[in-house]
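Chain residues, written in single-letter form:
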Amino acid sequence: MSDRTENQTADTLVPRHVAIIMDGNGRWAISRGLPRLAGHRAGTENLRRILRAAVEFGIDYLTIYAFSTENWGRPPEEVHGLMRILEDVIDRELEELHQEGVQLRHIGRLERLDPKLQEKVLSAIELTRNNKQLVLNIAFNYGGRDEIVHAVQCMIRDGISADEVTDELISKHMFTAGVPDPDLIIRTSGELRVSNFLIWQAAYSEWYITQTYWPDFGKEELRKALDTYAQRDRRYGGLSEVVGNEVHAG
Ligand code: IPE
Ligand code: IPE
Ligand code: MG
């Protein structure tokens with residue numbers, strides 16, 4: 001057994017931050033002869049399950065892609081339905097999430113949402129801000145490029161000079177400031193693309209793609225994703241620790 005394997009504790013094998021592109025709700029519904037919104041509702045039910053499993057598996061940060069800056073291009077009824085779902089989730093689930101120690105955060109732009117919904121999101125964030133069990137980071141009206149545009153605008157407005165711009169400074173101006181980069185990004189429903197999700201933060205994330213539609217992606221599927229992650233050798237452009245040790249020893 002290599003040093004590396006012996007030295008790894010269970011903790012280092014669990015990703016601290018998992019991000020999920022919850023895709024395939026529409027196809028899940030259509031395959032059952034249901035309207036697309038029924039798929040989004042089923043997807044929300046599933047989120048409940050995955051949230052519990054994430055706590056059980058020791059994940060600290062869970063970021064979920066719920067509505068992209070490009071999703072405004074869908075038919076108005078679907079956009080409206082997705083807004084309603086966010087509102088319903090806050091109305092129905094907030095108290096329980098709070099009891100369970102979930103800290104809610106939001107990434108993206110709230111400005112374009114209905115003022116009442118903005119208010120609900122902000123008060124949910126405020127209520128749960130000291131919770132420590134798990135951070136649930138909701139990407140809603142989020143786009144990775146929009147986030148970078150926003151960060152550049154903030155830096156210019158703050159009068160930051162060209163020489164002061166560093167990797168860390170850019171990270172501090174992202175919506176995700178203070179949150180570690182995702183270790184693992186899961187995409188359900190089989191699409192092999194980023195779809196404008198965490199494009200800055202995903203520089204060295206591990207990816208896990210499954211054909212399963214999001215409403216069917218249950219606890220056992222999450223376990224499988226985590227097991228796969230635990231086998232990965234994250235090299236960050238260097239050499240694996242085992243090879244590195246051999247090189248040093250030689
Ligand atoms: C993901 O499911 C949820 C959102 C994008 C809001 P989709 O609605 O994209 O489902 P498919 O990809 O059409 O099946
Ligand atoms: C990505 O899914 C956005 C969310 C899951 C919220 P999409 O269904 O919008 O992505 P594309 O259009 O297939 O790339
Ligand atoms: Mg989709």
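Close contacts around ligand 1 come from 13 residues, with Asp23, Gly26, Arg27, Arg36 and Arg74 the closest. Taking Arg74, its side chain carries an N or O atom lying 2.7 Å from an oxygen atom of ligand 1. In isolation ligand 1 offers 370 Å² of accessible surface; the protein chains occlude 86% of this area. Taken together, the elements giving at least two residues each to the shell around ligand 1 come down to α3 (25-30), α4 (36-56) and α5 (76-99). Among the elements that take part in the shell around ligand 1, α3 stands out by supplying 3 residues, more than any other.

Tracing the chain through its elements places Thr128 in helix α6 (residues 115-128). The exposure class assigned to Thr128 is buried, which follows from its relative accessible area of 0%. The contact partners of Thr128, leaving out residues within four places of it in the chain, are Leu94, His98, Val102, Gln103 and Leu104.

Turning our attention to the site of ligand 2. In the vicinity of ligand 2, the residues found are Ile21, Met22, Asp23, Tyr65, Ala66, Phe67, Asn71, Arg74, Arg187, Arg193 and Ser195. With respect to ligand 2, the side chain of Asp23 contributes an N or O atom lying 3.3 Å from an oxygen atom. The separation between an oxygen atom of ligand 2 and a polar side-chain atom of Asn71 is 2.9 Å. Protein coverage of the free-state accessible area of ligand 2, which is 390 Å², stands at 78%. Classifying every residue of the shell around ligand 2 by side-chain character gives 5 nonpolar, 2 polar and 4 charged.

Further remarks concern the pairing of strand β4 (residues 134-142). Counting buried residues along β4, 9 of its 9 residues qualify, which places the element largely inside the surrounding structure. As defined by bridge partners, strand β2 (residues 61-68) adjoins β4 across 7 bridges and the pair is classed as parallel. In the sheet register, Tyr65 faces β4, and the bridge partner there is Ala139. Examined bridge by bridge, strand β3 (residues 102-107) and β4 share 6 bridges and lie parallel to one another. Of the residues in β4, the one forming a bridge with Ile107 is Ala139. The β-α-β motif built from β3, the intervening α6 and the parallel element β4 has left-handed crossover chirality.

The next subject is the sheet that holds strand β5 (residues 184-187). Taken in spatial order, the 6 strands of this open sheet run β3-β4-β2-β1-β5-β6, and their pairing is parallel. Strands with a single pairing partner mark the edges of an open sheet, and in this sheet they are β3 and β6 (206-209). On average, each strand axis in the sheet is tilted by 20° relative to the strand beside it, whichever way the strands run. Across 4 bridges, the pairing between strand β1 (residues 17-21) and β5 is parallel. If you follow Val18 over to β5, its bridge partner there is Leu184.

Take the environment of His40 next. Structurally, the position occupied by His40 is in helix α4. The residues touching His40, leaving out its near neighbours within four places in the chain, are Asn25, Arg74, Glu78, Leu82 and Ile85.

This part is about α4. Between the first and last C-alpha of α4 there are 31 Å, a value that for 21 residues agrees with the 30 Å anticipated at 1.5 Å per step. Taken together, the buried positions of α4 are Gly39, His40, Ala42, Gly43, Asn46, Leu47, Arg48, Ile50, Leu51, Ala53 and Ala54. Residues of α4 that are buried in the fold lie against β1, α3, β2, α5, β4 and α9 (219-231). After α4 finishes, the residue Gly58 shows a positive phi value of roughly 85°.

Conventions adopted
Residues numbered from 1 in each chain as written. Chains lettered and ligands numbered in written order. Predicted model: local features only at pLDDT ≥ 70, side-chain atom pairs only at ≥ 80, totals over all residues. Heavy atoms only, no water. Near = heavy atom within 4 Å. Polar contact = N/O pair within 3.5 Å; in protein donor to acceptor, adjacent residues only side chain to side chain. Areas by Shrake-Rupley, 256 points an atom, 1.4 Å probe, with all protein chains shown as cover. Helix = DSSP H or I, 4+ residues; strand = E, 2+ residues; numbered from the N terminus. Buried < 20%, exposed > 50% of the residue type's maximum accessible area, 1.4 Å probe, protein only. Contact = heavy atoms within 4.5 Å. Nonpolar A, V, L, I, M, F, W, Y, C, P; charged D, E, K, R; others polar. Pairing = 2+ DSSP bridges. Right-handed = clockwise from strand over helix to strand, strands pointing away. Axes fitted to C-alpha atoms, helices over the stretch in contact; angles between N-to-C directions. Expected span 1.5 Å × (residues − 1).

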